[in-house]
Amino acid sequence: MARAATANPSQMAKLLLALPRYETYLRPQSAMVGERDFRLCLAQLLQSLAGRLLVAVEMRGRSFGPQQQEILEETAEDLGALITHLNRRGAIRLARPLERTVAELGGIDAGMVVLVEQVWRGVHALLQPALTSDDFTLQAQELGGILEAFAEASEERNRRLGLGWESEIGLNPFTGRRKD
C-alpha cells in the first residue's frame, strides 16, 4: 500500500498555510504579499531537498559510484534552478479577466503542492542505500520528469502573473512588446 505523504508534515503544513489568498489577487497591488510568502516557502522546501542530496554525496561519497554522485549533484543544481525560476522578479500584472486568471492560479498552485510532494518522495527514493544501479537510474529519470513538470508549472504560473520569461528582457508577457 502506498503512503499518502512522505514529506515532512510540518513543512507541508507550512506550505499549505502559505498558499496565497486568491481573493486578494483581484486587486493586483495585493498579490505581491501572498506571492512572497508562497514562493519563499516553496524555495525553502526545494533548497532543503537540494541540501540533502549534497550532504548525501559528501557523507556517503564512497557508497555512490561516480555516475550516481554526478546525478545527485546535477539534481541538486536542477532544484536550485527551480528556485531561481520561481522567484522571477517584476511587477505582478495579472492577465484579464482577473477572476479567470485567479482561478487558474489556484489550480496551478494546487498542482505545484502535489509536485513538491512528489519531488520530496523522489529525492528520498534516490537516497535509499539499497538501490541497485538500475533502480537508481530509474528513480533519477522519474525525478527528472517530475522536476520538468514543476518547471513547466512554474513558468505557467509566472506567465499568469505577468512574469513570463519575456519580463526578464523588458517585454510585456501578454503582448510581446516593450513595456512602457
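Here the structure is a predicted model, which is why all the values come from computation and not from measurement.

Asks: Explain the overall build of the protein to me, please; I cannot follow it from the model alone.
Replies: Broken down by element type, the protein carries 5 helices and 0 strands. Helices and strands in the protein line up, N terminus first, as α-α-α-α-α. Counting across all 180 residues of the protein, residues that qualify as buried make up 44%. Long-range contacts, defined as pairs at least 24 residues apart, comprise 73% of the intrachain contacts of the protein with a sequence gap of at least 6. Carbon and sulfur atoms provide 55% of the accessible area of the protein, an area that totals close to 10200 Å².

Asks: Which parts of the structure should I look at to understand the nonpolar core?
Replies: Side chains of nonpolar character tend, in soluble globular proteins, to be buried together. In terms of nonpolar packing, the biggest core is built from 39 residues, with Leu15, Leu79, Val119 and Phe150 touching the most fellow members. If you list the elements that add at least two residues to this core, you get α1 (9-18), α2 (28-59), α3 (66-86), α4 (98-126) and α5 (133-160). Ranked by the residues each element gives to this core, the list is headed by α2, at 11 residues. Ignoring anything within four residues of it in the chain, the contact list for Phe150 reads Leu42, Leu46, Leu82, Leu86, Met112, Leu115 and Val116.

Asks: What is the right way to read the environment of Leu16 from this model?
Replies: Along the chain, Leu16 falls in helix α1. Given a relative accessible area of 47%, Leu16 falls into the partly exposed group. Spatially, the C-alpha atoms of Leu16 and Cys41 are 9.3 Å apart, while their sequence positions differ by 25 residues.

Asks: Is there a simple way to explain a negative patch on the surface in this structure?
Replies: Side chains of Glu58, Glu70, Glu73, Glu74, Glu77 and Asp78 sit close together on the surface and give a patch of like negative charge. If you tally residues by element for the negative patch, the top one is α3, at 5 residues. Residue placement: Glu73 occurs in helix α3. The class of Glu73 is partly exposed, set by a relative accessible area of 35%.

Asks: What should I look at first to understand α1 in this one?
Replies: Residues spaced three or four apart along an α-helix face the same direction, because each turn holds 3.6 residues. Buried residues of α1: Met12, Leu15 and Ala18, and no others. Buried residues of α1 fall within an arc of 120° about the axis and therefore sit on the same side. Exposed residues on α1 whose side chains face more than 90 degrees from its buried face are Pro9 and Leu17.

Asks: Is there a simple way to think about the side chain of Arg157 in this case?
Replies: Looking at the element boundaries, Arg157 is found in helix α5. The contact partners of Arg157, leaving out residues within four places of it in the chain, are Pro20, Tyr25, Glu35, Phe38, Arg39, Leu105, Ile108, Asp109 and Met112.

Definitions and cut-offs
- Residues numbered from 1 in each chain as written.
- Predicted model: local features only at pLDDT ≥ 70, side-chain atom pairs only at ≥ 80, totals over all residues.
- Heavy atoms only, no water.
- Helix = DSSP H or I, 4+ residues; strand = E, 2+ residues; numbered from the N terminus.
- Buried < 20%, exposed > 50% of the residue type's maximum accessible area, 1.4 Å probe, protein only.
- Contact = heavy atoms within 4.5 Å.
- Areas by Shrake-Rupley, 256 points an atom, 1.4 Å probe, with all protein chains shown as cover.
- Core = buried A, V, L, I, M, F, W, Y, C linked by side-chain atoms within 4.5 Å.
- Patch = residues over 30% accessible without salt bridge, like charges linked within 9 Å, V, L, I, M, F, W, Y side chains within 5 Å.
- Salt bridge = Lys/Arg side-chain N within 4 Å of Asp/Glu carboxyl O.
- Lys, Arg positive; Asp, Glu negative; His and termini not counted.
- Charge placed at Lys NZ, Arg CZ, Asp CG, Glu CD.
- Arc of directions from axis to C-beta.

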